[in-house]
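Residue-level structural notes
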Amino acid sequence: MVAPRHLAALLLLLLAVATVAGEDEGPRGRRLLVLLDDLSVRSSHSAFFGSLQARGFDLDFRLADDPKLSLHRYGQYLYDGLVLFAPSTPRFGGSVDQNAVLEFIDAGHDMILAADSTASDLIRGIATECGVDFDEDQEAMVIDHINYAVMDVEGDHTLIAGDDLIQSDVILGSKKIEAPILFRGIGHAANPSNGLVLKVLSASPSAYSANPKTKLGSPPSLTGSAISLVSVMQARNNARVLISGSLDLFSNRFLKSGVQKVGSKTRHERAGNEQFVTETSKWVFHMRGHLKAVSVKHHKVGETNEPGMYRINDDLEYSVEIYEWSGTSWKPYVADDVQVQFYMMSPYVLKTLSTDKKGLYSTSFKVPDVYGVFQFKVEYQRLGYTCLSFTKQIPVRPYRHNEYERFIASAYPYYTASFSTMGAFFMFSFVYLYHK
Amino acid sequence: MAGRRPAPAALLLLLLLAATVAPLSAVSPVSDAHRSAAAELFAPSADGSFGDLEKTYEAVRTFQILGLEKYKSLTGKACKFAAEKLASPASSAAKDLFHAVRISGVLGCSVDAGVYDGVVARLNAVIKDTNSLLEFYYSVGGLLSIKEQGHNAALSDPESTFHAIKALSQSDGRWRYDTNSAESSTFAAGIALEALAGVVSLADAEVDPSMIGVVKNDIVKLFDTIKSYDDGTFYFDEKHVDATEYKGPITTSASVVRGVSSFASVTSGKLNIPGEKILGLAKFFLGIGLPGSAKDCFNQIESLSFLENNRVLVPLILSLPSKVFSLTSKDQLKVEVTTVFGSASPPLKVNLVRVLGSDSKVITSDNKELRFDLENNVHYLDIAPLKIDIGKYSVVFEILLQEREHETVYATGGRSTENVFITGPIKVDKGEIGISDNDAGAVESVQKLDLLKDTRVSLSANHLQKLRLSFQLTTPLGHTFKPHQVFLKLKHQSKVEHLFVVPGSARQFKIVLDFLGLVEKFYYLSGRYDLELAVGDAAMENSFLRALGQLELDLPEAPEKAPRPPAQAVDPFSKFGPKAEISHIFRAPEKRPPKELSLAFTILTLLPSIGFLIGLMRLGVNVKNFPSLPGPAAFASLFHAGIGAVLLLYVLFWVKLDLFTTLKYLGFLAVFLVFVGHRTLSYLSSASTKQKTA
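Now for a look at the structure at hand. Per chain, residues are indexed from 1 in the order of the written sequence. The naming scheme follows written order: chains are lettered A onward, ligands numbered 1 onward. Local features in a predicted model are, by the rule used here, given only for residues with pLDDT of at least 70; side-chain atom pairs are given and counted only at 80 or more, and totals for whole chains, interfaces and linings are based on all residues. To obtain the side-chain values, all non-hydrogen atoms of the structure were included, while hydrogens and water were left out.

1. Examining the packing of aromatic side chains
Stacked, tilted and edge-to-face are the three classes applied to pairs of Phe, Tyr and Trp rings, where Trp contributes its six-membered ring and a pair requires centres within 6.5 Å; stacked means planes under 30 degrees apart, edge-to-face means over 60, and tilted covers the rest. Taken as a whole and assessed by the stated rule, the structure comprises 40 aromatic pairs over all chains. Each ring, one from Phe426 of chain A and one from Phe430 of chain A, has its centre 5.5 Å from the other, and the planes form 80°; the classification is edge-to-face. You can see Phe426 of chain A and its partner Phe430 of chain A sitting in helix H9 (residues 412-434), 4 residues apart, about one turn around the helix. Through successive ring pairs, a cluster of aromatic residues spans Tyr318, Phe342, Tyr348, Phe365, Phe374 and Phe376 of chain A. Lysine NZ or arginine CZ positioned within 6 Å of the ring centre and within 35 degrees of the ring normal marks a charge as sitting over the ring. Cation over ring: Lys377 of chain A sits above Tyr343 of chain A, and NZ or CZ is 3.7 Å from the ring centre. Against the face of Tyr665 of chain B rests Lys664 of chain B, its NZ or CZ located 5.8 Å from the ring centre. A run of H or I in DSSP counts as a helix once it spans at least four residues, and a run of E counts as a strand once it spans at least two, with each numbered from the N terminus.

Structure below.
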C-alpha cells in the first residue's frame, strides 16, 4: 500500500526536478501586486519600482481601496508577491482583507510591507501576524539625538542614519553597505517568542520611539537597540516578508540623497538606501538565498547502485547536489556546514558533508551496528537561506546466520575435541563389532 | 479644503495650517542635484539613442532647459533621427512629425525648406480631416514649431480650427478627446489650451476676441477643480481615475501648466487666476524633489520653466538654505527668494514678522527687516541680537515687492511660515549620584558625577534603600533646559531593561528610585545592573548617552507568584549554526585468547584420542569377526562407509555447508544407515547366536 504512494511521490518529485532543470526557472514567479494608498507614491518611489522592473518583475499598481482588487481567481493566485506601500489604508478594496493577505503568505508568497507614522490598524495587524509589533503609540516616531542624519532642512532628529545592519551576505548582498541608511518612520519590536523574525536594520542604543511634538510623560515602550527599523521574516514555508517602519526608506528622495551622519566627517554622496532596498528586495523575492537539493544518492563504498537495504557495519557513501538561485540561473552553493543525519528516532550519525565547490556535497560513514528503519536526513537551516529539509528512508538489517565468522581460532579446541571423539567412535565401532 | 476658497482669510488660515502641519517636503528651487538626476535619468542607450521620438524630444528639451552641455553632443544623432521621420511626411503619423519637428527646433538642426513644406501640407491635411483633440494638438504644435524655426507654416483655416477644438470643451473647464467620447479629462484640457494657443499664434489675423474670452473663462473654471494638500500645494488630477486613461497628477498638472501659460502668452490681457494657486503649483512641482522617472523629470522641469516665464504670475519661492541654526557657530538666518529655477527675484524686502515657540507662544513679534546680500542674493539676519534661546520655532516671513507694478507679475504668497531649529550646547553640571537609606533619608554615599564623559561609579544597594540621581541642564542663555529625552536605564545582566524618565523641575533634574516599591517591577532580580543616562533633544548639540557605572542590587527572593521576567530575544546566529557532529559508538568485539593458546589447547584435546589409540594397540584388538561371506561383508563395509560419510558430513558442515543442506544429506544417509546397519547387525547377532548354540 505504502510503496505505490511512495513511487508516485518520487515520480512527481522527479517530474518537478526535471521541469525546473529543463526551463531553468526561478523558484518564484515575477508577477507583483503593488498596493498604494496614493498613486503619487508610484512616481515618488519610481526608482525602487524601476529597479524591480529592471530585474524582470511585472508590477501591477493598484490603489489599496480599488473595489476590483483580488489576490486570486478560480483558486489560483494572480500574483507571486505583494508590495504593500499603503500604510494609511484602513481597509482594502475588493475581496482582500487582512486574512487574505495572510493566506497569501501562508501559500508561500512574499511581501514587502512599508508603514509610516500614518500606519492604520490593518497594516499594524498584518505586521503583528508576521511577528513584528509596531509601537502602539500612533504618533510615535523613531528619534535619535546622537545618530541622526545631518540635513540642513531637518531639525527634529527623526531622520535616522542607520548603520546597525545584520551580518548576513545573503540578505544584504556580498558588497558591504558603506553609507548609512536614511530612515524616517515608526519603530517596531520583533516578537521575542517568534524565532523567524530577524532584525535587519536596528536602531542605535540612543534611539527611542516617541512623539517628537509632545513632552514625554511616561517612558517610551521602545528604546535603544531593541527597536528594529527594518525586519525580515522567513516563514516555515519559505515565504519571505520584509517589514519596514518607513515608507520613505524606499523613496527616490532617500535613494538619491546624500547622507552625513552627525559627528562624522565623511559625507556620502549617496545614502545606503538604494543598495539596501535593492539587495533586500532581491532577497525577499527569492533572487538570492533560495536553495534546492537534487540527486540525493547513497550507495555502498565501491558500488554505484543504490541498495534497497543496508547491513549493519556497511560502509556507505552519501551525496547530494545543492544549488542556489542567483536570479537568472541555479549556481552551485558553496558552504562548509551542510550536515547529514543517519536518523532513527534520534540521530545515530551526524556528519558534515564535504563539498567539491561545484555544488556536490558528499561524505561516507559506517552504518551503525543497530538495525531498524533509518533515514538519511538533511535539515539545513541557515540565516537568510531557505530551509532545506529532505529525508530518504532506508532499512538496516543485522548479519545473516551465514555472515558470521566461521573459523574462530579460539574455538579450535572444541572442534578438535568433537572430531577426535568422532574418529575414536569410528574406530571403536570396528573394535566393538568385530573384535574376537 | 481651505485652499479652495480664494479669499484672503483662507490664505491666512492656510498659513496657520502650514505652521502646525509639518510640510510634506522642503521646497527649494531647482538645483544642480536636478541636473545630475536628469543626466542620469536620460541616459542614452548603448547606441546613443533615447528610444522613440517622444523620449528623444523629452531628453533634449530637458537638457536644453537645464542648460546641460550634454545635449549639444547629441545633436548629430538626434537630428538624423528626426530628419528620417520628416523625409516622408505622407506616411508618418502627426504625432511623429510633431516630435520630430520639435527635436529639430530644440537642437537647431538644419532642415530643408522643401522638407518642411511637405510636413506643413501633411499637417494641414490632418487638421482638415480630424476631429480628435490629440491630432489637432500634434498638428498645430508641429506647425507652430516650424513657424518658430523661421519657416513659413500657414494654418489653412485658423478660425474653423479654433472652433473645432473649442467644440470639445465641457462646461466645467475640462475637455474631451474627440467628439465621440463622453468622458472629459483635465489632461485633455491642458492639451487643448496649448493647441488653441498654437492656433492663435499661427493665425495671421486676430482671432475673434469673444472666443478668447470664453476660453479664458474656461481656464478659470478649470482652476476651480484644482486639488490641494494642507501645506499650500496645489495640483491637478483627473476626476475619474480610469486605469487606461489615467496619467497621474504630475503629467496632468504639467499639461495644464503648459496649456495655460502658452495660452496666456499669446493672448492679451490678464488671466484671472489667484496667485496662491500658481504658487501652489510651483510648490507641487518643486515638492517632487528629485524625480524618479524620465517622464516625471521632463514634466517637472518643463512645467517649472513655463511657470518661470509665464505671463499670468511668476511664482517666487521663499526658501531657507538651512533650517537648523547653531548658536555656537553664530549662524545667520538666511532666506532666499528666487524664481523656481533659482534666478534672482525682483527687488523686494523680506521681513521677519513673528517668531512663535513650539507651543504657539509668541516669542517676538517685532517686525525686523532682513538685510540683503546682493552678491549671494540672500536675505540675512543675525540671530544673536534676537535673544532667542535654543529650541524649535515657527518663523513667519513676509515678502514685500518694492515696486508696485511687480505685484501683477509675481506671486509671492505674502506671508510664509517656516519651522526652524535653533541649536546650541547645553551646560551639564552638578551631577550627583548616591544611595540613601529609606527611613532616615540620610545620604550615605554621594558621589559627584562628571557627565561630560563616561564614569564608572560602583554602587550597591538593597531593597530598603534608594538610588538618587540629580543633575542640572542650562541653556547658553542661562535658562533651565528640558530636553525631550532624559532617560535613566537600568540594565540587568540577563538583559532585562528598565527605563525611567527623569523628571525635571525648575531647578534641576532629579530621580529617586525607591527599590522597595520597585522589587515587583524588577522581577526580584538581584545582581549587577548597568546604569545608563541618555539626554537628548533636537535643539541640543551635545546630546549624550553615558554609561554611569554599576549598581549591585540585593533584592529579596522572589515569592512563588511573582511575575516572571519577559522572554528575551535569542541571538539569531546561535540558532542557525551547524550542530556538533555525532559518530556512532560501535559495540566492542569480544575478547579472545591469543591464537597460540588456542592451538596449544587444540593439541591438548588431541591427546586423549592418541591415548585411546595406544590403549587399543596395547589391548591387541583385532577385527577377526568381520564377516567373511561376500554379502554380509559388503553390507558391513557399506555400514561403516555410511558412518564415515556421516562423520565427514559433520566436517563439511563445519567447513562450508549450512544446516539445511547438512540435514538433507544426513536424512538420506540415515535411511541408508538404518537399512545397511540393520542388515549388518542382524547378521552379526545371528552369527553370535549360532556360535553360542554351537
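Let's pick the thread back up.
2. Some details on the packing of helix H5 (residues 94-107) of chain B against helix H6 (residues 113-129) of chain B
All names here are of chain B. Orientation of H5 relative to H6, taken along the N-to-C sense of each, is 140°, at an axis distance of 11 Å. Our classification of the angle between H5 and H6 gives oblique. The crossing of H5 and H6 is left-handed. In contact with Ala94, Leu97, Val101 and Ser104 of H5, H6 contributes Tyr116, Val119, Arg122, Leu123 and Val126. Residue type decides the class: Asp, Glu, Lys and Arg count as charged, Ala, Val, Leu, Ile, Met, Phe, Trp, Tyr, Cys and Pro as nonpolar, and the leftover types, Gly among them, as polar. Taken together, the residues of the contact of H5 with H6 break down into 7 nonpolar, 1 polar and 1 charged. Lines fitted to C-alpha atoms define the axes, with helix axes restricted to the stretch in contact, and inter-axis angles between N-to-C directions lie between 0 and 180 degrees. Orientation is classified from the angle alone, with under 35 degrees giving roughly parallel, over 145 giving roughly antiparallel, 65 to 115 giving roughly perpendicular, and any other angle giving oblique. For any helix crossing, the convention is left-handed if the near helix is rotated counterclockwise from the far helix by under a right angle, and right-handed if that rotation is clockwise. Pairs of residues are marked as contacts when any of their non-hydrogen atoms sit within 4.5 Å.

3. Examining the nonpolar core
In this description, a nonpolar core means a group of buried Ala, Val, Leu, Ile, Met, Phe, Trp, Tyr and Cys residues linked to one another through side-chain atoms lying within 4.5 Å. Throughout this description, buried means an accessible area under 20% of the type-specific maximum (1.4 Å probe, protein chains only), exposed means over 50%, and partly exposed covers the range between. Counting residues in hydrophobic clusters, the biggest one holds 97 residues, and the most contacted among them are Phe162, Ile165, Trp175 and Ile219 of chain B. Counting residues per element, this core draws most heavily on helix H9 (residues 186-202) of chain B, at 12 residues. Setting aside residues up to four positions removed in sequence, Ile219 of chain B forms contacts with Leu193, Val260, Phe263, Leu271 and Ile273 of chain B. Listed in part, the 78 residues of the second largest apolar core include Ile171, Leu172, Ile322 and Met344 of chain A.

4. Overview of the interface of chain B and chain A
Between chain B and chain A, the contact holds 90 residues from the first and 85 residues from the second. Approximately 7100 Å² of surface area, both sides summed, lies buried where chain B meets chain A, with 65% of it carried by carbon and sulfur atoms. Throughout, the accessible surface (probe 1.4 Å) given up by two parts as they are put together, summed over both, is called the buried area. Its largest share of buried area at the contact with chain A, chain B owes to His484, Phe576 and Trp654 of chain B, together 11% of the area lost on that side. Every case where a carboxyl oxygen of Asp or Glu lies within 4 Å of a side-chain nitrogen of Lys or Arg is listed as a salt bridge. Counting across the chain B and chain A interface gives 1 salt bridge. Arg592 of chain B is the partner of Glu405 of chain A in a salt bridge, and the nearest nitrogen-oxygen pair spans 3.0 Å. Elements represented by at least two residues in the side of chain B that touches chain A include exactly strand S21 (485-492), strand S22 (497-501), strand S25 (544-554), helix H15 (572-576), helix H16 (595-619), helix H17 (630-655) and helix H18 (659-693) of chain B. Classifying every residue of the side of chain B that touches chain A by side-chain character gives 51 nonpolar, 23 polar and 16 charged.

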